[in-house]
Amino acid sequence: GAVVSQHPSWVICKSGTSVKIECRSLDFQATTMFWYRQFPKQSLMLMATSNEGSKATYEQGVEKDKFLINHASLTLSTLTVTSAHPEDSSFYICSARTLEQANYGYTFGSGTRLTVV
Amino acid sequence: AQKVTQAQTEISVVEKEDVTLDCVYETRDTTYYLFWYKQPPSGELVFLIRRNSFDEQNEISGRYSWNFQKSTSSFNFTITASQVVDSAVYFCALSPFSGGYNKLIFGAGTRLAVHP
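Residues numbered from 1 in each chain as written. Chains lettered and ligands numbered in written order. Predicted model: local features only at pLDDT ≥ 70, side-chain atom pairs only at ≥ 80, totals over all residues. Heavy atoms only, no water.

S.K.: Can you tell me about the confidence of the model for chain A, naming the residues and giving the values?
M.R.: Here chain A averages 90 in pLDDT, and 94% of its residues register 70 or above. Averaged pLDDT values over the elements of chain A bottom out at 90 in strand 10 (residues 107–108) of chain A and peak at 97 in strand 11 (residues 112–116) of chain A. (pLDDT = per-residue confidence, 0-100. Helix = DSSP H or I, 4+ residues; strand = E, 2+ residues; numbered from the N terminus.)

Right under this line is the structure:
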């Protein structure tokens, strides 16, 4: 079945630094990738949708300059949290979908737990 | 408005009990998909089921069953003879056609604790 690899699974960084999270579709081409954020004991909130080769579409309230998304290839999307602050600490999870999968749902990565100290 | 409501925040049961997790959704779309995902403590999301709006047949998969009632906009999930390994957070989600199926709208989740 479709597999999405997300890396790293956890990261601790200092306040003010930037962190890059990678999301790779291993055995399929992901025309669309999604980035979610989940605070402890809360639901998943969609941050942005990215289509390969296009600029990401951000949800209302998500700072595009802070959360940089790049979807340069059909198998890789990256989320960079720039100038991270403690309030950015959260669980970030990506999801990928292909046109063929349009009727089949979404494949999720295993998530990245970001802690900013 | 597009919305998913999981009114039960936490449920605690003893092993072998049956448990039903409720999900009520709102959408103006007549075409949409509904999903259930399981999130164990490790964090990954495990796909359980997808149902499209035109298929109201209930489904059973082992100890899991789903009841889709379009008339009440509900898509409830029942675990029969629960086991400790079922302990997790369960999310119901909606993917409406008007979003090009590009949006998964999640409920708040129900945390299920199954005790031995």
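On we go from here.
S.K.: Give me the packing of aromatic side chains: which residues, what numbers.
M.R.: Centre distance and the angle of the planes are the two values used to describe a pair of aromatic rings. All chains considered together, the criterion is met by 21 aromatic pairs over all chains. Look at B:Tyr25 and B:Tyr32: their rings are 5.1 Å apart centre to centre, the planes differ by 55 degrees, and that puts the pair in the tilted class. One exposure class covers both B:Tyr25 and B:Tyr32, and it is buried. Aromatic pair B:Tyr64 and B:Trp66: ring centres 6.0 Å apart, planes at 85 degrees, arrangement edge-to-face. A relative accessible area of 3% means that B:Trp66 is categorised as buried. Put simply, the rings of A:Phe34, A:Tyr36, A:Tyr106, A:Phe108, B:Tyr33, B:Phe35, B:Tyr37, B:Phe47, B:Phe91 and B:Phe106 touch in pairs and so form one group of aromatic residues. (Phe/Tyr/Trp six-rings, centres within 6.5 Å; stacked < 30°, edge-to-face > 60°. Buried < 20%, exposed > 50% of the residue type's maximum accessible area, 1.4 Å probe, protein only.)

S.K.: Describe the sheet that holds strand 1 (residues 4–7) of chain A, listing the residues and the values that go with them.
M.R.: Note on sheets: strands pair through backbone hydrogen bonds, and any given pair is parallel or antiparallel. All names here are of chain A. The antiparallel open sheet is built from 4 strands, whose spatial order is 1-3-8-7. With partners counted over all chains shown, the strands left at the sheet margins are strand 1 and strand 7 (67–73), one partner each. Shown here is a sheet whose adjacent strand axes are inclined to one another by a mean of 15 degrees, direction ignored. (Pairing = 2+ DSSP bridges. Axes fitted to C-alpha atoms, helices over the stretch in contact; angles between N-to-C directions.)

S.K.: Lay out the confidence of the model for chain B in plain terms, naming residues and giving numbers.
M.R.: Within chain B, residue pLDDT values average 93, and 99% of them lie at 70 or more. Strand 3 (residues 19–21) of chain B holds the highest mean pLDDT among the elements of chain B, 98, whereas strand 7 (residues 59–61) of chain B holds the lowest, 89.

S.K.: Give a detailed account of the environment of B:Ser53, specifying residues and quantitative values.
M.R.: Residue and element names in this part refer to chain B. Position of Ser 53 relative to the elements: it lies in the loop between strand 6 (46–52) and strand 7. Residue classification places Ser 53 among the buried residues on the basis of a relative accessible area of 1%. When sequence neighbours within four positions are dropped, the list of residues in contact with Ser 53 reads Thr 30, Thr 31, Tyr 32, Phe 68 and Lys 70. (Contact = heavy atoms within 4.5 Å.)

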